[in-house]
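# Inside the fold
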Amino acid sequence: MKQKIKLKLIILSLIAILTLVNSVKAAPALNLEASKAAYSLGEKITIKGNLTIDGTPVTDALVTIQILNPINETIALRSLKTGTGTLGYLSIEIVEFYPIDSAGNPKYTFKRGGDAGFKIKIKNNAATTYMVKIPIYIQYSNDLPYKVFEIYVGTIDPQQTITVSTWPVPIPSDAPLGTTKAYANVIDKYPNEGGRALSIEGATTFQITTSTSSTSQSSATTQSTTEGNFNITFTTNPYGGMLGNYTAHATSFYYPYLLTAKTKVTVILKGDITGPYGVPDGKVDIKDVAKVSKAFGTSPPSDPKCDLNNDGKVDIKDVAIVSLDFGKWGILP
């Protein structure tokens, strides 16, 4: 009799354990990486990520990505979907987002050296008051980040709709011409502070021209990505961009988990091998070209610094690298 009771207890224990194991779902995993560790100044940089559960792509999540430059300034910010799935409940909704003139009217063409503005309307669909920040990220037609600035910091009450605008936002006189993108993010905090998006981003475009004759509306940009994945692309300025380590932070709230990820890339000026006291000076000029040319044809290199692709010799490939970088200059943080 005791043996039968003992056997029953063992069976019941096994059933309980199996039930518990099957009821525990795997936690989602947020990953973030760059396609390579180092990029040349002026080269397009792509930061990619994915969100999965047990290796299966999550297609209905919202991810916020923040890019910090080597002196920890935010230079890019996006709030992206991980696929085509329907997002779960979002507390905040961006009702409208568009560029404006000084009178607050929609305008989609701005002149170099002039001013632009933006207007945004958001609604709190929740029963809770939220403290929100609304940063706007502007990216030029050549994917060079212009700036990230906050249009609103404050509370929004339950079921409240608020409209805020900003003017002026100066357009530099040397801004690249063409279709410029603007993204509005509604966040509680920035990703590097453990914050997350409360709404999918608002997106619009406008034209930077040499005149203001055109007022036609540009269509908003959309993200194109495969299921479970997301990415952000930007470039650095080859004529005055910052050299050093750039950091990407990503966060996603996928109930009940707040997920975080981080990665770094280094922006370098490979052709910069000369400068005072033998230390690179942040520019590629005729001195760098001359130094590589002098070592041309040596194997092993007569000067290891001139082996720019690290293949144990100085050949036409190294000459090509320094030639492509010629004229570029960067800022050392």
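All figures in this text were calculated on a predicted structure; none of them were measured in a lab.

## Some points on a nonpolar patch on the surface
Taken together, the side chains of Y239, W329 and I331 define a hydrophobic patch exposed on the protein surface, amounting to about 330 Å² of accessible area. Within the secondary structure, I331 sits in strand β19 (residues 329–331).

## Describing the confidence of the model for the protein
Confidence in the prediction for the protein averages 90 pLDDT; 88% of positions are at 70 or higher. Low pLDDT (under 50) marks residues 218–222, which in the prediction has 11 contacts with non-local residues, meaning those over four places away or in another chain.

## Some details on the side chain of D101
As for its placement among the helices and strands, D101 is situated in the loop between β7 (92–100) and β8 (109–111). Of the side chains with opposite charge, K107 comes closest to the buried, unpaired D101, at an N-O distance of 6.2 Å. Discounting chain neighbours no more than four positions away, the residues touching D101 are K107 and W167.

## Description of the sheet that holds strand β5 (residues 62–68)
What the 5 strands build is an open sheet, ordered β2-β18-β17-β5-β6; its pairing is mixed. Edge positions in the sheet fall to β2 (38–40) and β6 (74–81), since each of these pairs with one other strand and no more. Adjacent strand axes in the sheet meet at a mean angle of 25° when their direction is disregarded. Sheet topology places β2 next to strand β18 (residues 257–268); 3 bridges connect them, and they run parallel.

## Things to note about the environment of F326
Among the secondary structure elements, F326 is positioned in the loop between α3 (316–325) and β19. Classification of F326 by relative accessible area gives partly exposed; the value is 44%. Sequence separation between F326 and K283 is 43 residues, and the spatial gap between their C-alpha atoms is 8.2 Å. Setting aside anything within four residues of it in sequence, one finds F326 in contact with V284, D285, I286 and V289.

## Quick look at the packing of aromatic side chains
On inspection of all chains with the given rule, the structure shows 8 aromatic pairs. With centroids separated by 5.5 Å and ring planes inclined at 85°, the aromatic side chains of F110 and F206 adopt a geometry described as edge-to-face. Of the two residues, F110 is situated in strand β8 and F206 in strand β14 (residues 202–209); the sequence distance between them amounts to 96 residues. Their ring planes at 45° and their centres at 6.4 Å tell us that F118 and F149 sit as a pair that is tilted. With F118 in strand β9 (residues 115–124) and F149 in strand β11 (residues 145–156), this pair connects stretches of sequence that are 31 residues apart. The same class applies to F118 and to F149, which are both buried. One aromatic cluster in this structure is built from F97, F110, F118, F149 and F206. Looking at R78, its charged tip hangs above the ring of Y183, at a distance of 3.7 Å from the centre.

## Some details on unusual backbone geometry
Excluding glycine, a negative phi dihedral is what most residues carry, and trans is how most peptide bonds are arranged. With an omega dihedral of 0°, the bond running from Y255 to P256 counts as a cis peptide bond. Mapped onto the fold, P256 is located in the loop between β17 (244–254) and β18. You will see that D54, though not glycine, has its phi angle at about 55°, which is positive. Along the chain, the position of D54 falls in the loop between β3 (44–53) and β4 (56–57). For D54, a relative accessible area of 68% puts it in the exposed group. Unusually for a residue other than glycine, D143 sits at a positive phi of about 70°.

About the criteria used
All residue numbers refer to position in the chain's written sequence, counted from 1. Since the coordinates come from a predicted model, pLDDT governs what is reported: local features require at least 70, and pairs of side-chain atoms require 80 or more to be given and counted, while whole-chain, interface and lining totals use all residues. Each side-chain value is derived from all of the structure's non-hydrogen atoms; neither hydrogens nor water enter the calculation. Patches were defined on residues exceeding 30% relative accessible area and lacking a salt bridge, with like-charge contacts within 9 Å and nonpolar side-chain contacts (Val, Leu, Ile, Met, Phe, Trp, Tyr) within 5 Å. Where accessible areas are quoted, they stem from the Shrake-Rupley method and a 1.4 Å probe; at the residue level, only the protein chains shown are allowed to cover. Whenever Lys or Arg places a side-chain nitrogen within 4 Å of a carboxyl oxygen from Asp or Glu, that contact is recorded as a salt bridge. Under the DSSP-based scheme used, a helix requires at least four consecutive residues in state H or I and a strand at least two consecutive residues in state E, with every element numbered from the N terminus. The pLDDT score gives, residue by residue, the confidence of the prediction method on a 0 to 100 scale. Every residue pair with non-hydrogen atoms within 4.5 Å of one another is taken to be in contact. The buried label applies to any residue whose accessible area, calculated with a 1.4 Å probe on protein chains only, is under 20% of its type's maximum; exposed applies above 50%, and partly exposed to all values in between. We treat Lys and Arg as the positive residues and Asp and Glu as the negative residues; His and chain ends play no part in the count. DSSP calls a pair of strands paired once it identifies at least 2 bridges connecting them. Where helices are involved, their axes are fitted lines through C-alpha atoms of the stretch in contact, as for all axes, and angles between N-to-C directions lie from 0 to 180°. We call Phe, Tyr and Trp rings a pair once their centres come within 6.5 Å, taking the six-membered ring for Trp, and we label the pair stacked below 30 degrees between planes, edge-to-face above 60, and tilted otherwise. Each ring is checked for a lysine NZ or an arginine CZ that lies within 6 Å of its centre and within 35 degrees of its normal; such an atom marks a charge sitting over the ring.

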